[in-house]
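The lines below spell out each chain.
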Amino acid sequence: EPEVTQTPSHQVTQMGQEVILRCVPISNHLYFYWYRQILGQKVEFLVSFYNNEISEKSEIFDDQFSVERPDGSNFTLKIRSTKLEDSAMYFCASSEVTDSGELFFGEGSRLTVL
Amino acid sequence: GENVEQHPSTLSVQEGDSAVIKCTYSDSASNYFPWYKQELGKGPQLIIDIRSNVGEKKDQRIAVTLNKTAKHFSLHITETQPEDSAVYFCAADANDYKLSFGAGTTVTVRA
């Protein structure tokens, strides 16, 4: 069964460092998303991406964050200068269609900022 | 924006009993309501969803009901089994691109 894959599974970084989280969405999907889940809290929407541009972003997704689809398979989330409060599980998701299509989530990348 | 409230936060049931989780939403424009199961160390996995043009949907031991007037929807798990133990999230989709999640319910099925 096709799945969304994410790397790394866990990354520890120092505050102020840049981090890139990588995702390989399901191959025929056209819509890509990043969500995050701070420990013990809700899963929160960060950004959606379609046709090589951001479709929508939340207030969390400030100038420190960026997304990119550098090739035909990867979808990345970059945090330019990490803060302690960026520590969370980051989930990539993809969907074949929009208009309430099913989201398929990856297993997540745990980011710990020290 | 959409605000989804979910109750209870924890639920412990005896194996074989039923489990019910309830959610409310605020945006009357929401038209898609999925439920996700998250096992430890894994990403959320869709288990059932319902769209605003139906009031109930069932898939084996899992059912979801939707009351659009009251803006609430519920997940029902019957004949619970130990493998049903997980965190369950409800969500609502008010536009084409993002889901608003509830805070989650930790379900424990006692053998």
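Residues numbered from 1 in each chain as written. Chains lettered and ligands numbered in written order. Predicted model: local features only at pLDDT ≥ 70, side-chain atom pairs only at ≥ 80, totals over all residues. Heavy atoms only, no water.

**Describing the environment of P44 of chain B**
Move 1: One can find P44 of chain B in the loop between strand 4 (32-38) and strand 5 (45-51).
Move 2: When its relative accessible area of 3% is taken as the criterion, P44 of chain B is described as buried.
Move 3: Along the chain, P44 of chain B and Y88 of chain B lie 44 residues apart, while their C-alpha atoms are 8.4 Å from each other.
Move 4: P44 of chain B has contacts with F91 and F105 of chain A together with Y36, K37 and Q38 of chain B, leaving out every residue within four places of it along the chain. (Helix = DSSP H or I, 4+ residues; strand = E, 2+ residues; numbered from the N terminus. Buried < 20%, exposed > 50% of the residue type's maximum accessible area, 1.4 Å probe, protein only. Contact = heavy atoms within 4.5 Å.)

**As for the interface of chain A and chain B**
For an interface, size is often stated in terms of accessible area lost upon the parts coming together.
Move 1: The interface of chain A with chain B comprises 20 residues on the first partner and 22 residues on the second.
Move 2: Of the roughly 1,900 Å² buried between chain A and chain B on both sides combined, carbon and sulfur atoms contribute 51%.
Move 3: Viewed at the interface, chain B and chain A are joined by one salt bridge.
Move 4: Measuring nitrogen to oxygen at the nearest pair gives 3.4 Å for the salt bridge that ties K98 of chain B to E56 of chain A.
Move 5: One can count five residue pairs in polar contact (both at pLDDT 80 or more) joining chain A with chain B.
Move 6: Breaking the side of chain A that touches chain B down by element, the ones donating at least two residues are strand 4 (31-37), strand 5 (43-50) and strand 6 (53-57) of chain A.
Move 7: Looking at the side of chain A that touches chain B, the element that brings in the most residues is strand 4 of chain A, giving four residues.
Move 8: Among the residues forming the side of chain A that touches chain B, the class breakdown is eight nonpolar, seven polar and five charged. (Buried area = accessible area lost by both parts, 1.4 Å probe. Salt bridge = Lys/Arg side-chain N within 4 Å of Asp/Glu carboxyl O. Polar contact = N/O pair within 3.5 Å; in protein donor to acceptor, adjacent residues only side chain to side chain. Nonpolar A, V, L, I, M, F, W, Y, C, P; charged D, E, K, R; others polar.)

**Looking at the sheet that holds strand 1 (residues 4-7) of chain B**
Consider a sheet: its strands pair through backbone hydrogen bonds, and that pairing is either parallel or antiparallel.
All names here are of chain B.
Move 1: Pairing in this open sheet of five strands is antiparallel, and the strands run 1-3-8-7-6 from one edge to the other. Two strands lie at the open edges of the sheet, namely strand 1 and strand 6 (56-59), each paired on one side alone. Averaged over all neighbouring strand pairs, the angle between strand axes comes to 15°, with direction disregarded.
Move 2: One ladder, built from six bridges, connects strand 3 (residues 19-25) with strand 8 (residues 72-77); its direction is antiparallel. Across the sheet, I21 pairs through a bridge with L75, a residue of strand 8. (Pairing = 2+ DSSP bridges. Axes fitted to C-alpha atoms, helices over the stretch in contact; angles between N-to-C directions.)

**Some details on the sheet that holds strand 8 (residues 75-79) of chain A**
All names here are of chain A.
Move 1: Pairing is antiparallel in the open sheet, where four strands are placed in the order 1-3-8-7. In this open sheet, the two edge strands, each paired with only one partner strand, are strand 1 (5-7) and strand 7 (65-68). Sheet twist, expressed as the average angle between the axes of neighbouring strands with direction ignored, equals 20°.

**A short note on the layout of surface pockets**
Move 1: Reported here for the largest pocket is a volume of approximately 470 Å³.
Move 2: Considering the residues around the largest pocket, the lining is formed by 20 residues, among which E3 and F105 of chain A together with G43, P44 and Q45 of chain B are closest to the centre.
Move 3: Those elements that place two or more of their residues in the lining of the largest pocket are strand 1 and strand 10 (104-105) of chain A together with strand 4 and strand 5 of chain B.
Move 4: Here the lining of the largest pocket is built from residues that sort into eight nonpolar, five polar and seven charged. (1 Å grid on protein atoms, 1.4 Å probe; cavity = no way out; pocket = protein on both sides within 12 Å on 5 of 7 lines; lining within 4 Å. Points joined across faces, edges and corners; volume = space filled by probe spheres on them.)

**A look at the environment of I60 of chain A**
All names here are of chain A.
Move 1: For I60, the location among the structural elements is in the loop between strand 6 and strand 7.
Move 2: Given the relative accessible area of 18%, I60 is considered buried.
Move 3: For the pair I60 and E44, spaced 16 residues apart in the sequence, the C-alpha separation amounts to 8.9 Å.

Don't take any of this as a statement about function, it's just geometry.
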